[in-house]
Number of protein chains: 2
Amino acid sequence: MKNAVGRIIPDVIKGFKTVRPYAGPFAFTPEGRMAGAKIRSQRPGSDKVLESISQAIDAAGLKDGMTISFHHHFRNGDYVLNQVIEAIARKNIKDLTLAPSSLNDINDAILPYIEQGVITAVETSGARGKLGKLLTSGKLSRPAIIRSHGGRARAIECGELHIDVAFIGAPCCDRYGNMNGINGKSACGSLGYAMVDAAYADKVIAITDNLVPYPVRPISIPQTQVDYIVVMDSIGDPAGIASGALRISRNPRELLIAEYAAGVIEHSGYFKDGYSLQLGSGGASLATAKFIREKMIQQNIKASFGVGGITAPFVQMLEEGLIETIFDTQDFDLPSIESLKNNPRHLEMSASYYANPHCGGPIVNNLDVVILSATEVDVDFNVNVITDSNGVIMGASGGHSDTAAGANLAIVVAPLLRGRLPMVIDEVNTIVTPGETVDVIITERGIAVNPRRTDLINNLKGTGLPVMSIHDLQQIAYDLAGKPEPIEVSDEVVAVIEYRDGSVIDVVRKPI
Amino acid sequence: MKNAVGRIIPDVIKGFKTVRPYAGPFAFTPEGRMAGAKIRSQRPGSDKVLESISQAIDAAGLKDGMTISFHHHFRNGDYVLNQVIEAIARKNIKDLTLAPSSLNDINDAILPYIEQGVITAVETSGARGKLGKLLTSGKLSRPAIIRSHGGRARAIECGELHIDVAFIGAPCCDRYGNMNGINGKSACGSLGYAMVDAAYADKVIAITDNLVPYPVRPISIPQTQVDYIVVMDSIGDPAGIASGALRISRNPRELLIAEYAAGVIEHSGYFKDGYSLQLGSGGASLATAKFIREKMIQQNIKASFGVGGITAPFVQMLEEGLIETIFDTQDFDLPSIESLKNNPRHLEMSASYYANPHCGGPIVNNLDVVILSATEVDVDFNVNVITDSNGVIMGASGGHSDTAAGANLAIVVAPLLRGRLPMVIDEVNTIVTPGETVDVIITERGIAVNPRRTDLINNLKGTGLPVMSIHDLQQIAYDLAGKPEPIEVSDEVVAVIEYRDGSVIDVVRKPI
């Protein structure tokens, strides 16, 4: 069958629940009840601290075929996921579904355990490098499920993604399991993704290298949700967890894109006192922060709130009073972690609060402006952020489709060429974010506004910004780099791209 | 059948779920899964603010036979419950179960609506005055269910108490439903009881007199849990919500009891650096704060945390560094509200985190010392805080049985005589807290230690404290006031006293 973005989706995908084709960003109205974790109990005086990961795995009752989860706030400094999988493998437990909030290059270390059948299925936001190749290889027992951050929170909360055991790296934890991510040598800042796992997993194991006197303060994940605690020497490499302050790009192409993006925001009609914004952590996104900050100062405009993935330029704007409140689901650099720790206007939020479409309204619903990246966009404004030009998984869905659906103005920034390939093409190889929710594509060569947004097109007239049709933008790219060859794929579905509401917006087929 | 505290409980109680007799404070191990609210969804740009309570009742789909809830943080200043019930009555909706976290004298205003059948069942922590009399009268269609704060959270989380519509008075609320209790003319401080309702009710209606620009900060209850918002002129009477700073008693009897209590704590074996405590808001409890504070200063002992029901003397100890962290489920006076607002070491907590026995461990599990009150105690150390000497409901279960079960040292303070009646009797009229969980009874005439606690008896030897057997204490009371006449009751069960784990620890029978 063909879904609402024109993709042919198999009626049945082996190993995947009933296929519900994507029908539009808000076409689906959920029914039923939220899931519930197993009811726990703990007597006074009980001791949750176990000797080792091995003991915790036993205590949690982990068995063949179960689903385990992790959070990716430690990014490329994560020691938790790899060590837990290794400990599980030693117990000869097989056929697990691995459902982390995302995967990083450092997790390539688990490849042998996938080959050995310890892990036979993966549900996550995305993967890069060798893990991305593996997900695209068809070696798993069923297709990988790729979800957005909001879609993952939704799937967990409604029970579609049932987590048997959640392993939570805790930079700061007490003996009863209260934890936060802001204190300790492995501080990562917000624990926003892990909050959802902790609230819904049947068993929750905290893994810490910083066991502190009771009680932890502040508390990001409460003792009421934690079953066991394991102390390790180190749960992460600080250098890989957070960099120093992310700096604004000096790349002239990125700066030009950023200047255009700031111009589009300025004239969009949304740039008013009290507006709200999310910026990404990519070069052009960060650079946009610089330009929009200047415009805010000049025009005396303050943002009511900022959302993210938080970086130093955002924190600077918070401290300067240009942003009133920050909502933080993940921190990318040390200034952001420090800000979360010290600034009461910098609030931690869960992935569900951030982006879950099936709740009383996530904060993305209240966003005016979001700046997003893209691997490819097509003439229908559909965006791919998950597969590369060879059809191999090399990115992550993240909050892309969530914020695009929620924000009044979803801007995609990307260079018109990636290496030698055009970024604007006829049909993206994989749709992660439907064009209906994408408003503007900004490249260094020109700006295309979604024809649905006649209001925006009008607002940008006479601004001097190089607005053109998406087809003209594509033509420039094709003139420079030629039309790309289509990727040849087999019929085998290796990954399902879920839209945030759980419908299937696309599938990844195995490249030939 | 006879339960583990020797009470005869009917095998079947009409209108009450299957009777599970109380079998010991930790005898019951829960199974199954936590409940889930109906899955919500909200599109970007949706407007949750309705014109009136009437509109919100319609929007929430309230129907005959449903269960509605309220929180009691506004205490005797609450305008919300009464106005909502009045609005419901005008719609001719009948046969509702009223399940507020507690009831106050001001809620006597709803008596006509109970008489009219708008409300035909009540599940709450307790009631006083006319409402207490009504609950004891047998006029409801089924027995009232009395739960502790932890037991209520448990019942909601496991689905035994299913809330169809929760009405939440919000001293500070934004247009998407983020709220807190610390800002605004009707500030009440912590929203700890309401947090549980918001997380599990199918529909949540915020009622505010202080709609502020988006987003509220900090957020006690998130927009993700809120369906509708109604703005009223006033949701409460500040004078009834919170008093000025609660002051230490000058009543010599209370001061003597408090001095004994501080002495018992001092010599109990738990009075060490890092210990933890909960004090009540009654006269003798508050006075204990004064004496224990002095001992902490003298002996250079600091508490790791304090729990409550928070009052000014506790806040003073927080500010002086004598208490490191406060966990707050309810505020009794203005200094406590101010402290929650301004002191990052003063944390808000939900009733579930406070006391729910069926979670990964509530904070009462970590308590060393709690000071509790009593209407009556008996020679088995069982405590009644719910019915008076006529067998009429006039109190509330509150956190009594929760903290007694959790704390290492549960101290009950009470005058030996109440009016002309002895406080220590053969059998309390109604058991709320089982004697097995009560360690010490302190009166102005003497101190009785539970014989189970041989360690405490030893520790208190040679301290000069007037320790005696509970029977000796009773004899003093009987010598002064005579043995009280038993209350004559019919067979009709008018209220069920649930222990915190959902078992039946006692019933209230209709007095003749």
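Since the structure is predicted, the reported quantities are computational estimates derived from the model, not experimental observations. (Residues numbered from 1 in each chain as written. Chains lettered and ligands numbered in written order. Predicted model: local features only at pLDDT ≥ 70, side-chain atom pairs only at ≥ 80, totals over all residues. Heavy atoms only, no water.)

### Here's the deal with the overall build of chain A
Looking only at helices and strands, one finds 15 helices and 26 strands in chain A. On C-alpha atoms alone, chain A measures out to a radius of gyration of 22 Å, which is about the 24 Å that the 2.2 N^0.38 rule sets for 512 residues. Seen along its three principal axes, the alpha-carbon backbone of chain A occupies a region of about 70 × 55 × 40 Å. A total of 512 residues make up chain A; the buried ones form 65% of that total. About 17,400 Å² of surface is accessible on chain A, with carbon and sulfur atoms providing 48% of the total. Distance between charge centroids for chain A: 2 Å, based on 47 positive and 57 negative side chains. (Helix = DSSP H or I, 4+ residues; strand = E, 2+ residues; numbered from the N terminus. Rg over C-alpha atoms; globule rule 2.2 N^0.38 Å. Buried < 20%, exposed > 50% of the residue type's maximum accessible area, 1.4 Å probe, protein only. Areas by Shrake-Rupley, 256 points an atom, 1.4 Å probe, with all protein chains shown as cover. Lys, Arg positive; Asp, Glu negative; His and termini not counted. Charge placed at Lys NZ, Arg CZ, Asp CG, Glu CD.)

### Here we look at helix α8 (residues 252-267) of chain A
Given 3.6 residues per helical turn, the α-helix brings residues three or four places apart onto the same face. Residues and elements named next belong to chain A. When the terminal C-alpha atoms of α8 are compared, their 23 Å separation across 16 residues agrees well with the 22 Å that a helix rising 1.5 Å per residue should span. Buried within α8 we find I257, A258, Y260, A261, A262, G263, V264 and I265. Backbone nitrogen of R253 and a side-chain oxygen of the N-cap are separated by 2.8 Å at the start of α8; the cap is N251. Residue G269 follows α8 closely and has a positive phi angle near 100°. (Expected span 1.5 Å × (residues − 1). Polar contact = N/O pair within 3.5 Å; in protein donor to acceptor, adjacent residues only side chain to side chain.)

### Side note on the nonpolar core
All names here are of chain B. I68, I88, L98, F167, I207 and I441 are the most contacted members of the largest nonpolar core, which totals 129 residues. Here this core takes 7 residues from helix α2 (residues 80-90), the largest share from any one element. Domain assignment of the residues forming this core places at least three in each of domain 1 (49-240) and domain 2 (252-487). Discounting chain neighbours no more than four positions away, the residues touching I207 are I53, V80, V84, F167, I168, G169, A170, V230, M232 and I235. (Core = buried A, V, L, I, M, F, W, Y, C linked by side-chain atoms within 4.5 Å. Domains from an automatic or database assignment. Contact = heavy atoms within 4.5 Å.)

### Things to note about the domain arrangement of chain A
All names here are of chain A. One can read the domain layout of chain A as domain 1 (49-240) and domain 2 (252-487). Across the boundary between the two partners, domain 1 contributes 33 residues, which contact 30 residues of domain 2. The contact between domain 1 and domain 2 buries some 2,400 Å² in all, and 58% of this surface belongs to carbon and sulfur atoms. Ranking the residues of domain 1 by area buried against domain 2 places R75, I182 and S190 at the top, with a combined share of 20%. Where domain 1 packs against domain 2, one counts 21 residue pairs in polar contact (both at pLDDT 80 or more). Broken down by secondary-structure element, the contributors of at least two residues to the side of domain 1 that touches domain 2 are α4 (129-136), α5 (149-158) and α6 (192-200). Here the element with the most residues in the side of domain 1 that touches domain 2 is α5; it accounts for 6 residues. (Buried area = accessible area lost by both parts, 1.4 Å probe.)

### Structural notes on the interface of chain A and chain B
A common way to state how big an interface is: give the accessible area lost once the parts meet. Taken residue by residue, the interface counts 53 residues in chain A and 53 residues in chain B. Between chain A and chain B the total buried area reaches about 4,300 Å² when both faces are included, carbon and sulfur atoms providing 57% of it. When the area that chain A buries against chain B is broken down by residue, the three leading residues are R33, I39 and R217 of chain A, summing to 18%. Applying the counting criterion to the chain A and chain B interface returns 4 salt bridges. Across the pair R33 of chain A and D202 of chain B runs a salt bridge whose closest N-O atoms are separated by 2.7 Å. Between the two partners, chain A and chain B, sit 34 residue pairs in polar contact (both at pLDDT 80 or more). When contributions to the side of chain A that touches chain B are tallied by element, the ones reaching two or more residues are β12 (303-310), β13 (323-331), α12 (351-355) and α13 (400-406) of chain A. Top element by residues in the side of chain A that touches chain B is β13 of chain A. It accounts for 3 residues. Partitioned by chemical class, the residues of the side of chain A that touches chain B number 24 nonpolar, 19 polar and 10 charged. (Salt bridge = Lys/Arg side-chain N within 4 Å of Asp/Glu carboxyl O. Nonpolar A, V, L, I, M, F, W, Y, C, P; charged D, E, K, R; others polar.)

### Quick word on the sheet that holds strand β11 (residues 276-278) of chain A
Residue and element names in this part refer to chain A. One open sheet accounts for 9 strands, arranged β14-β13-β12-β11-β15-β18-β22-β23-β24; its pairing is mixed. At either margin of the open sheet sits one strand with a lone partner, and together these are β14 (346-348) and β24 (467-468). Here 3 bridges tie β13 to β14, and the two strands are oriented parallel to one another. Residue pairing in the sheet places D328 in a bridge with E348 of β14. (Pairing = 2+ DSSP bridges.)

### Things to note about the pattern of salt bridges
Residues and elements named next belong to chain B. Enumeration according to the criterion identifies 46 salt bridges over all chains in this entry. D227 is the salt-bridge partner of R40, the closest N and O atoms lying 3.0 Å from each other. Placement of the pair is R40 in the segment before β1 (49-50) and D227 in the loop between β9 (203-208) and β10 (228-231), with a sequence separation of 187 residues. By relative accessible area, which is 8% here, R40 ends up buried. Residue classification places D227 among the buried positions, given a relative accessible area of 5%. Between D455 and R453 there is a salt bridge whose closest N-O contact spans 2.9 Å.

### Topic: the relation of the copies chain A and chain B
Here chain A sits on chain B after a turn of 180° about the axis and a move of 0.0 Å along it, with an RMSD of 0.0 Å. Such a combination of rotation and displacement between the chain copies is what one expects of a two-fold axis. If distances are taken from each C-alpha of chain A to the rotation axis, the shortest is found for G36 of chain A, at 2.9 Å. A high fraction, 100%, of the interface residues of chain A reappear at the interface in chain B, so the copies pair face to face through one surface. (Least-squares fit on C-alpha atoms with pLDDT ≥ 70 in both.)

### A short note on the environment of L416 of chain A
All names here are of chain A. By the element assignment, L416 lies in the loop between β18 (409-413) and β19 (417-418). For the pair formed by L416 and I235, sequence separation is 181 residues and the distance between their alpha carbons is 40 Å. Excluding anything up to four places from it in sequence, L416 contacts L421, P422, M423, V424, T443, E444, R445, L473, I476 and A477.

### Considerations on the state of the cysteines
Residue and element names in this part refer to chain B. Inspection of the entire model under this criterion finds 0 disulfides over all chains. Free of any disulfide, C188 has its nearest cysteine sulfur in C172, 11 Å distant. In this structure C188 comes out as buried when scored by relative accessible area, which is 0%. (Disulfide = S-S within 2.5 Å.)

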